[in-house]
Amino acid sequence: QCQLNGLWRNDQDSLMEISVLRDNGDFQGQYLTRVTLSGGCAQISPVKGVQQQLREEGWPTFAFTVRWDKFSNATTAFVGQCFVDAGGKEMLTTTWLLREAVGSLEDDWKATR
């Protein structure tokens, strides 16, 4: 079974560390992104999320947000599932949405990636 706590690396070489995983499924940690909207250097941002509690063996689903408040006016929400491959390696698969702040309702169409 997958354990979300620990250090994770994505295909863009960013790192996420989940350091606190509570019994109710809530978790927190930090995200070190190598990809920034401004093209700047890597920054650490807070992660908060929740893991679906499983009653039996299985692959847990989860959701978390990253607040990029130290270097960007954006927030990203991730949803995903944890799997273990045939070789025993834990892997997270996710889909994400990034929301940037825009100055007007007319610009709302270009605020989400």
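Bear in mind that the values here come from a model prediction, so they are computed numbers and not experimental data.

What about the nonpolar core?
- Counting residues in each nonpolar core, the largest one holds 16 residues, and the members touching the most others are Met16, Phe27, Tyr31, Val47, Phe64 and Val66.
- Where this core is concerned, the elements lending two or more residues are strand S2 (15–21), strand S3 (26–33), strand S5 (61–67) and strand S6 (74–84).
- Excluding anything up to four places from it in sequence, phenylalanine 64 contacts Met16, Phe27, Val47, Lys48, Gly49, Thr76, Ala77 and Phe78.

Considerations on the side chain of glutamine 51
- Locating glutamine 51 in the fold gives a position in strand S4 (residues 43–51).
- On the accessibility criterion, glutamine 51 (10% relative accessible area) is buried.
- Among all residues touching glutamine 51, those that are not within four sequence positions of it are Leu4, Leu21, Gly25, Phe27, Pro60, Thr61 and Phe62.

Overview of the packing of aromatic side chains
- Tallying each qualifying case throughout the model produces 6 aromatic pairs.
- Both rings, one in tryptophan 59 and one in phenylalanine 83, keep their centres 6.3 Å apart while their planes meet at 45°; by these two values the pair is tilted. Taken as a pair, tryptophan 59 in the loop between S4 and S5 and phenylalanine 83 in strand S6 lie far apart in primary sequence, 24 residues in all.
- Judged by centre distance (6.1 Å) and plane angle (15°), the ring pair of phenylalanine 62 and phenylalanine 64 falls under stacked.
- Taking the relative accessible area as the measure of exposure, phenylalanine 62 reaches 6% and is therefore buried.
- Residue classification places phenylalanine 64 among the buried residues on the basis of a relative accessible area of 6%.
- Among the aromatic side chains, those forming a connected cluster through ring pairs are Phe27, Tyr31, Phe62, Phe64, Trp68 and Phe78.

Comments concerning the environment of lysine 89
- Structurally, the position occupied by lysine 89 is in the loop between S6 and strand S7 (90–100).
- Taking the C-alpha atoms as reference points, lysine 89 and cysteine 2, 87 residues apart in sequence, are found 9.2 Å from one another.
- Sequence-distant contacts of lysine 89, that is, excluding residues within four places in its chain, are made with Phe83 and Val84.

Some points on the sheet that holds S4
- Within the open sheet, the 7 strands sit side by side as S1-S2-S3-S4-S5-S6-S7. Their pairing is antiparallel. Two strands bound the open sheet, and with one partner strand each, they are strand S1 (6–9) and S7. Here the strands of the sheet are splayed against their neighbours by 25° on average, with no regard to which way each runs.
- The pairing of S3 with S4 spans 8 bridges and is classified as antiparallel. When the sheet's bridge partners are listed, tyrosine 31 is paired in S4 with serine 45.

Some points on the pairing of S3
- Only one face of S3 is covered, namely the face carrying Phe27, Gly29, Tyr31 and Thr33; the face carrying Asp26, Gln28, Gln30 and Leu32 is uncovered.
- Where S2 lies against S3, 6 bridges are found, and the strand directions are antiparallel. Opposite glutamate 17, over in S3, you have glutamine 30 as the bridge partner.
- Hairpin connection of S2 to S3: 4 residues between the antiparallel strands, including glycine 25 at a positive phi of 100°.

What counts and how
Residues numbered from 1 in each chain as written. Predicted model: local features only at pLDDT ≥ 70, side-chain atom pairs only at ≥ 80, totals over all residues. Heavy atoms only, no water. Core = buried A, V, L, I, M, F, W, Y, C linked by side-chain atoms within 4.5 Å. Buried < 20%, exposed > 50% of the residue type's maximum accessible area, 1.4 Å probe, protein only. Helix = DSSP H or I, 4+ residues; strand = E, 2+ residues; numbered from the N terminus. Contact = heavy atoms within 4.5 Å. Phe/Tyr/Trp six-rings, centres within 6.5 Å; stacked < 30°, edge-to-face > 60°. Pairing = 2+ DSSP bridges. Axes fitted to C-alpha atoms, helices over the stretch in contact; angles between N-to-C directions.

The values reported here are purely geometric and, on their own, carry no functional implication.
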